[in-house]
Amino acid sequence: MCNLDAVLDIAVIGAGFAGLHMLDQLRRYEFSCHAYESAIGVGGTWFWNRYPGARCDVESVDYAYLHDPELHETWQWSERFAAQPEILRYAEHFADRRGLLPHITFGTTVTGAAFEDGAWNLTTDTGERVRARFVVTAVGCMSAAHTPPIPGWERFGGTVLRTSRWPAEPVELAGRRVGVIGTGSSGIQVVPELAKEAAELVVFQRTANFSVPARNRPLTQQERNAAVARYEQQVHDARTTRFGHAVIGTGKAALETDPAERAVELDARWARGGTHIVATFTDTGRDLRANAVLADYFRDRVREQVHDPATARALTPTGYPIGTKRLCVDDGYYETFNLPHVRLVDLRADPIQELTRTGVRTIGGDHELDVLVLATGFDAFTGALTRLGITGRDGRALTEVWRDGPRSYLGLAMAGFPNLFTLTGPGSTMVLSNVLRAIEHHVEWVRDLLVHAREHELTEVEALEPFQDEWAARLAELASGTLYPRTDSYYLGANIEGKARVFAPFAGGLDAYRRICDAVAAEDYRGFRTA
Ligand code: NA7
């Protein structure tokens, strides 16, 4: 690690939760390091997704760093599910507390990363050139926004807003006709908030999603104290549970539980709110008949909440197993459709044809709008990485190497791309676990590998192809034991036209994933070529 050509030991790309923690750890271990961030502030996802209603679907006390016990003890979350401004403040507080800001260049997007003569040359949109021995990407797995290929974007004369790039300044919606395309987690959160202001709200839905109420509320001081007292248990859960935090199920299979008892268990979780309801029974994630029990329970709840039978029918998810798309968590989503100025356009029955100068044209007619909100998702998992312009050994472009889908070893490294590590990369647990828990694991694992490289004076660390192949086979095998591959979702890349269909996340749970990574490290980084 002492090549005189290298300006930095390590360049970090991104200053969200992963990038900040990585940068902090590298500084603590006295590496020369610097981070580059497109935004003008820290926070990543929580910097950009500042639309009204943006909120985490993991409980605040679980969606926080655990590696800093003092921060854990002193930070007080105000609500059960924190809203975007509070999570952003938390990221800013961490960066400030750890003195990270001088070590981040903001407003700078990495546009090229080439491995040449034993180090990485980064280029940026501001013309900066950086040379670093190692690069760690912390670009997020849901950060490359997706704009659907609807004809007529250039024609629409109104305002276009994206949930994933919401303006920092207030947006005036009072008295305006607003349309929303997309009913995933973001759409379902933003719709009730927009309805409070807009004169008219039209929701364009392609696929009805399963959604559970959040039952968000302020945390009591007693609950905050209990969270502090639970610290050791949380650290234990981070290592030993599937999601990285405790989820209390019944431990029973739905198909072996009496229907009356099933209803009691599901009612209790529905009343409590949040995503834990999907883990009520042990078999709903792999058995279609069991899955239907849970799905039917959700469908009945839609009918209870939406007054108009035709709207209720359109909002009722059908045709795919519950949980195979991200379960949404809402705050009054269904009730919003009982308001007189809100209407649903079911795009399955009435597809979008084009945008016109004044709105959205579907087969059924024109919907006149002043504002169009896109909540249309992301080129998930791979998009933020392929947009970096990465070329590895022998000038091979990542976009070429991943043409048939992402390939990685542990989701953290790639054959052909030495000295490059991808936090929350495709092939890790990503959004199938608590992402904060996954981030902390990856950062500490990569840090240890970099320390190992320094101690052993290694100049190159690269994943080996056969181990990468084995990892791909393991990912496919784990996915085949679940219901995920049955549904067109971003987990499979199916939301992006022309994208290879590969189930990208590790579906075996964060606990199992950690054990594998620990074993790799313990066996002198098995599966890596070092020089
Ligand atoms: P999602 O969950 O990917 O949702 C995107 C939504 O946009 C979804 O309803 C899509 O329908 C819809 N969409 C995408 N393209 C189109 C077109 N062309 N026409 C109509 N509708 C379209 O993204 P979110 O931002 O809501 O959530 C992302 C993650 O953030 C979430 O999983 C949490 O982890 C937090 P589709 O279902 O594809 O038919």
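In this text, all values refer to a predicted model and were calculated from it rather than measured experimentally.

Turning our attention to the sheet that holds strand S15 (residues 365–368). One open sheet accounts for three strands, arranged S13-S14-S15; its pairing is antiparallel. Single-partner strands in this sheet number two, and they are strand S13 (352–355) and S15. Each strand axis lies, on average, 25° off the axis of its neighbour in the sheet, ignoring direction.

Turning to the state of the cysteines, a few remarks are in order. As used here, a disulfide is simply a covalent bond connecting the sulfur atoms of two cysteines. Counting across every chain of the model gives zero disulfides. Free cysteine Cys56: the closest other cysteine sulfur is in Cys141, separated by 12 Å. For Cys56, a relative accessible area of 6% translates into the label buried. Residue Cys517 stays outside any disulfide, its sulfur separated by 15 Å from that of Cys141, the closest cysteine.

This paragraph deals with the site of the ligand. Near the ligand there are 19 residues, and of these Ser186, Arg206, Thr207, Lys325 and Tyr490 occur at the shortest range. A distance of 3.4 Å separates an oxygen atom of the ligand from a polar side-chain atom of Arg326. Measuring from an oxygen atom of the ligand, one finds a backbone N or O atom of Ala375 at 3.3 Å. A total of 780 Å² of accessible area belongs to the ligand in isolation, and the protein chains cover 85% of it.

Okay, the domain arrangement of the protein next. When the domains of the protein are assigned, the result is domain 1 (6–145 + 379–523) and domain 2 (159–374). Summarising the inter-unit geometry, the C-alpha centres of domain 1 and domain 2 are found 27 Å apart. Across the boundary between the two partners, domain 1 contributes 47 residues, which contact 51 residues of domain 2. Each partner contributes to the roughly 4400 Å² buried at the junction of domain 1 and domain 2, and carbon and sulfur atoms together form 51% of this total. Looking only at domain 1, the three residues that lose the most surface to domain 2 are Tyr51, Arg80 and Leu483, adding up to 17% of its buried area. The interface formed by domain 1 and domain 2 holds two salt bridges in total. A salt bridge links Arg326 to Asp57; the nearest nitrogen and oxygen atoms lie 2.9 Å apart. Here domain 1 is connected to domain 2 by 28 residue pairs in polar contact (both at pLDDT 80 or more). Elements supplying a minimum of two residues to the side of domain 1 that touches domain 2: helix H3 (69–74) and helix H16 (510–522). Its residues assigned to classes, the side of domain 1 that touches domain 2 shows 19 nonpolar, 15 polar and 13 charged.

Our focus in this paragraph is empty space enclosed by the protein. According to the stated counting rule, one finds six cavities of 30 Å³ or more in the structure shown. Taken as a whole, the largest cavity encloses approximately 130 Å³ of empty space. Lining the largest cavity we find Val61, Ala64, Leu71, His72, Trp75, Gln76, Trp77, Tyr90, Arg224, Ala227 and Val228. Secondary-structure elements contributing two or more residues to the lining of the largest cavity are H3 and helix H6 (221–229). Tallying contributions element by element places H6 first for the lining of the largest cavity, with three residues. For the lining of the largest cavity, the per-class residue count stands at eight nonpolar, two polar and one charged. For the lining of the largest cavity, the domains that each give at least three residues are domain 1 (6–145 + 379–523) and domain 2 (159–374). The computed volume of the second largest cavity comes to approximately 70 Å³. Lining the second largest cavity are Tyr409, Leu410, Phe467, Glu470, Trp471, Arg474, Ile516, Val520 and Arg526. Mapped onto the lining of the second largest cavity, the elements with two or more residues apiece are helix H15 (465–480) and H16. Sorting elements by how many residues they give to the lining of the second largest cavity places H15 first, with four residues.

Basis of the calculations
- Residues numbered from 1 in each chain as written.
- Predicted model: local features only at pLDDT ≥ 70, side-chain atom pairs only at ≥ 80, totals over all residues.
- Heavy atoms only, no water.
- Pairing = 2+ DSSP bridges.
- Helix = DSSP H or I, 4+ residues; strand = E, 2+ residues; numbered from the N terminus.
- Axes fitted to C-alpha atoms, helices over the stretch in contact; angles between N-to-C directions.
- Disulfide = S-S within 2.5 Å.
- Buried < 20%, exposed > 50% of the residue type's maximum accessible area, 1.4 Å probe, protein only.
- Near = heavy atom within 4 Å.
- Polar contact = N/O pair within 3.5 Å; in protein donor to acceptor, adjacent residues only side chain to side chain.
- Areas by Shrake-Rupley, 256 points an atom, 1.4 Å probe, with all protein chains shown as cover.
- Domains from an automatic or database assignment.
- Contact = heavy atoms within 4.5 Å.
- Buried area = accessible area lost by both parts, 1.4 Å probe.
- Salt bridge = Lys/Arg side-chain N within 4 Å of Asp/Glu carboxyl O.
- Nonpolar A, V, L, I, M, F, W, Y, C, P; charged D, E, K, R; others polar.
- 1 Å grid on protein atoms, 1.4 Å probe; cavity = no way out; pocket = protein on both sides within 12 Å on 5 of 7 lines; lining within 4 Å.
- Points joined across faces, edges and corners; volume = space filled by probe spheres on them.

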